[in-house]
Number of protein chains: 2
Amino acid sequence: MLDRLLLGQTEEGELARPPRLVEAMRYAALSGGKRLRPGLMLAAARLFGRDDDGVLVAAAALECIHCYSLVHDDLPAMDDDDLRRGRPTVHRAFDEATAILAGDALLTLAFDLVADPRVHAEACVRLAASRDLARAAGIGGMAGGQMLDLAAEHSTLGETEIRLLQSMKTGALIRYAARTGARLADASVEDIARLTRFGEVIGLAFQLADDLLDVEGDAAALGKAAGKDAAAGKATLVALKGTAWTRAELGRLVAEAETLLAAFGERAASLAALARFVAARDR
Amino acid sequence: MLDRLLLGQTEEGELARPPRLVEAMRYAALSGGKRLRPGLMLAAARLFGRDDDGVLVAAAALECIHCYSLVHDDLPAMDDDDLRRGRPTVHRAFDEATAILAGDALLTLAFDLVADPRVHAEACVRLAASRDLARAAGIGGMAGGQMLDLAAEHSTLGETEIRLLQSMKTGALIRYAARTGARLADASVEDIARLTRFGEVIGLAFQLADDLLDVEGDAAALGKAAGKDAAAGKATLVALKGTAWTRAELGRLVAEAETLLAAFGERAASLAALARFVAARDR
């Protein structure tokens, strides 16, 4: 779907699309990856009986935001990474200016996609999904979290600050995924709140698993260098509290996720599997 | 208004705002400048009888997009500028990583602001303004235009290609300003089309005046270096067709702008003044 959306015909009223920029956007967005965020949104929508192309369009918007953030985070002035998903990063495969613009254009495209009429019949629901996305991705969410992360390389953070940083940098978009899936499927206010919390729990588990992988993981399976966090002096809960505590905390989070899903019975099997995958993943 | 919006209290549901990132965003967005785009939107809305804070919120969103593009365009990997509006550029005053993130966060903030209920009572009108903004700023608009502009430094463009590039890089947002002012004031379909064309004409005039200034302007008044386009080998209509042709074309565009406004009589005086200012500006 993201493939088709990025390949799509130029619609009436739109202007030309520079081929090299399209190519860099496709390279950034269609290079595999776990697709955790769109997968979570689709599973959350299915839980409430919605399973059509419209949710895919919203999921593609979310993936555009995630992929733009990877492109910009990899830049020399940021994390300076050469490798992503086992391939050269965008600024390595193209050049720095193209990487900056491809990130900008993916971020912008997300707000075109989420406004697509297929996403939901009611404009006010699409608008809420759009504004929520801006907040999850912006200064109070992902972009602000990346700023805190860069600053953390030069200071020592406590548990509260690390949790805030992670809830912004990676938590906000994952929370958005689960919450928005429920919203687009017209779930009740209570169920949207339940899925929002489920997304928060998944976000916490994802980050802890990520930090563990950086300590114990295998660079070949990861498709990127391991041990980078410690080398960069990045603050993580693993570094602060150790691997045994982190494994126990992951177990507790999976249990909370399963409790949140209990009310839905068998229908929630794929969301429960996703929670276990996030906690146990090896890449 | 942009000042208050960037200073604003953290709303419920939003996360923390890293102070250094807020500072860089404010530095980028509140450093003066002509405020052409928001001014045009406000004047277009006033023409159809709307003059309240809600239009200001949409105008602030548009200015966020414009200012983010300046921050990213000034980066070392792009135009590599040290000076903007007579002050150090954001990456000079802060650092490159902060400049990239401040641009990203301003771009994202725009889609939060344009969804604000004050912008228009109907969600579908706000959503249309949001999607239009994404298209004006994205791969088929400003970001795509910047990509073409970078590529143009290594090639020779003809008149058609230069016009396409400029309609995307600077034209799309200026067109959006006039069009959206009319839309937010519930103008008729015909009047929205008229203002859309007015915005296109202003965009063309703005770019020609900009190119003339680069050839003939004074760096002190500009607040940035003059003669950069020629030095960088950038394609402009002034370089292709000469200053006499450019001045004549500017006169023709101002005449077309005035013709478009004629139906509105005295009410359109401030829009007509804006058109003349754009064509005759010295900075």
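Residues numbered from 1 in each chain as written. Chains lettered and ligands numbered in written order. Predicted model: local features only at pLDDT ≥ 70, side-chain atom pairs only at ≥ 80, totals over all residues.

## As for the confidence of the model for chain A
Detailed conclusions should not be drawn from predicted coordinates in areas where pLDDT is low. All names here are of chain A. For chain A, mean pLDDT is 90; residues scoring 70 or higher make up 88% of the total. The model gives residues 7-14 a pLDDT under 50, and that stretch makes four contacts with residues more than four places away or in other chains. With pTM at 0.93, the complex prediction returns an ipTM value of 0.92. (pLDDT = per-residue confidence, 0-100. Contact = placed C-beta atoms within 7 Å.)

## Remarks on unusual backbone geometry
A negative phi angle characterises most non-glycine residues, just as the trans form characterises most peptide bonds. All names here are of chain B. The phi dihedral of R35 falls on the positive side, at around 55 degrees, and the residue is not glycine. As for its placement among the helices and strands, R35 is situated in the loop between helix 2 (19-29) and helix 3 (36-47). R35 sits in the partly exposed class, given 13 other C-beta atoms within 10 Å. (Helix = DSSP H or I, 4+ residues; strand = E, 2+ residues; numbered from the N terminus. Buried ≥ 20, exposed ≤ 12 C-beta atoms within 10 Å, placed from the backbone.)

## Points about the nonpolar core
One finds L106(A) and L106(B) to be the most contacted residues of the largest nonpolar core, which totals 194 residues. With residues near it in sequence (within four places) discarded, L106(B) still touches M25(B), A28(B), A29(B), C64(B), C67(B) and Y68(B). (Core = buried A, V, L, I, M, F, W, Y, C linked by C-beta atoms within 7 Å.)

## A closer look at the relation of the copies chain A and chain B
Once chain A is rotated about the relating axis by 180 degrees and shifted along it by 0.0 Å, it coincides with chain B to within an RMSD of 0.0 Å. Such a combination of turn and shift is consistent with a two-fold rotation axis. Most of the interface of chain A is mirrored in chain B, where 98% of its interface residues again form contacts. (Least-squares fit on C-alpha atoms with pLDDT ≥ 70 in both.)

## A short note on the environment of I162(B)
Residues and elements named next belong to chain B. Mapping I162 onto the fold places it in helix 9 (residues 159-184). You can call I162 buried: it has 23 C-beta atoms within 10 Å. Sequence separation between I162 and Q207 is 45 residues, and the spatial gap between their C-alpha atoms is 11 Å. Residue contacts for I162: discarding those within four places in its chain leaves L157, A235, T236, L237 and L240.

## Remarks on the packing of helix 9 (residues 159-184) of chain A against helix 10 (residues 189-216) of chain A
Residue and element names in this part refer to chain A. For the pair helix 9 and helix 10, interaxial distance at closest approach is 7 Å and the crossing angle is 145 degrees. Crossing of helix 9 over helix 10 shows right-handed handedness. Facing helix 9, whose interface residues are Q166, S167, T170, G171, I174, R175, A177, A178, R179, G181, A182 and R183, helix 10 presents D191, I192, L195, T196, F198, G199, E200, I202, G203, L204, F206 and Q207. (Axes fitted to C-alpha atoms, helices over the stretch in contact; angles between N-to-C directions. Left-handed = near helix turned anticlockwise from the far one by under 90°.)

## Some thoughts on the interface of chain A and chain B
Between chain A and chain B, the residue contacts involve 48 residues of the former and 47 residues of the latter. No other element matches helix 6 (residues 96-113) of chain A, which puts eleven residues into the side of chain A that touches chain B. By residue class, the composition of the side of chain A that touches chain B is 29 nonpolar, ten polar and nine charged. (Nonpolar A, V, L, I, M, F, W, Y, C, P; charged D, E, K, R; others polar.)

## Here's the deal with helix 14 (residues 269-280) of chain B
Each full turn of the α-helix corresponds to 3.6 residues, which orients residues three or four apart in the same direction. All names here are of chain B. The end-to-end C-alpha distance of helix 14 is 16 Å, a good match for the 16 Å that twelve residues give at a rise of 1.5 Å each. All of the buried residues in helix 14 are L271, L274, A275, V278 and A279. Angularly, the buried residues of helix 14 cover 130 degrees about the axis, an arc narrow enough to put them on a single face. Exposed side of helix 14, more than 90 degrees from the buried face: A273 and A280 are the residues found there. On its buried side, helix 14 packs onto helix 3, helix 10 (189-216) and helix 13 (237-262). (Expected span 1.5 Å × (residues − 1). Arc of directions from axis to C-beta.)

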